[in-house]
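Descriptive structure summary
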Amino acid sequence: MAVNSKKIAVYVLVVFVLYVIITDPAKAADYVQIGFEGISNAAQGIGDFFTWIADGAQD
């Protein structure tokens, strides 16, 4: 039953994404940009953290 629930959830998500892309491509592009900016900021934060650790964790 759990596998079917996952398949249904993925199907619904794909349909929603396609709907947003088809009905408003500009907004969909904004969402993608926001997502990539979030990933970039997270990666930068992790990099800063490890740099801080490598420098001896001193402020």
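Residues numbered from 1 in each chain as written. Predicted model: local features only at pLDDT ≥ 70, side-chain atom pairs only at ≥ 80, totals over all residues. Heavy atoms only, no water.

Attention now goes to the overall build of the protein chain. Scanning the protein chain from N- to C-terminus turns up 2 helices and 0 strands. A compact globule built from 59 residues would reach a C-alpha radius of gyration of about 10 Å, whereas the protein chain, at 19 Å, exceeds it by more than 25%. Across its three principal directions, the C-alpha atoms of the protein chain cover 50 × 35 × 10 Å. The buried share among the 59 residues of the protein chain stands at 3%. As presented, the protein chain carries roughly 5300 Å² of accessible surface, and 70% of it is formed by carbon and sulfur atoms. (Helix = DSSP H or I, 4+ residues; strand = E, 2+ residues; numbered from the N terminus. Rg over C-alpha atoms; globule rule 2.2 N^0.38 Å. Buried < 20%, exposed > 50% of the residue type's maximum accessible area, 1.4 Å probe, protein only. Areas by Shrake-Rupley, 256 points an atom, 1.4 Å probe, with all protein chains shown as cover.)

Before going further, it helps to spend a moment on the packing of aromatic side chains. For the coordinates displayed, the defined rule picks out 2 aromatic pairs. Ring geometry for F49 and F50: centres 5.4 Å apart, planes at 70°, overall edge-to-face. With a centroid separation of 6.1 Å and 40° between ring planes, the pair formed by F49 and W52 is classed as tilted. Of this pair, F49 and W52 are both found in helix α2 (residues 25–54), 3 residues apart, which corresponds to roughly one turn of the helix. The exposure class assigned to F49 is partly exposed, which follows from its relative accessible area of 43%. Members of the aromatic cluster, each reached through a chain of ring pairs, are F49, F50 and W52. (Phe/Tyr/Trp six-rings, centres within 6.5 Å; stacked < 30°, edge-to-face > 60°.)

Look at α2: 43 Å from first C-alpha to last across 30 residues, which is about the 44 Å you get at 1.5 Å a residue. Two residues or fewer past α2, G56 is found with a positive phi of approximately 95°. (Expected span 1.5 Å × (residues − 1).)

Everything listed here is a matter of geometry and, on its own, says nothing about what the molecule does.
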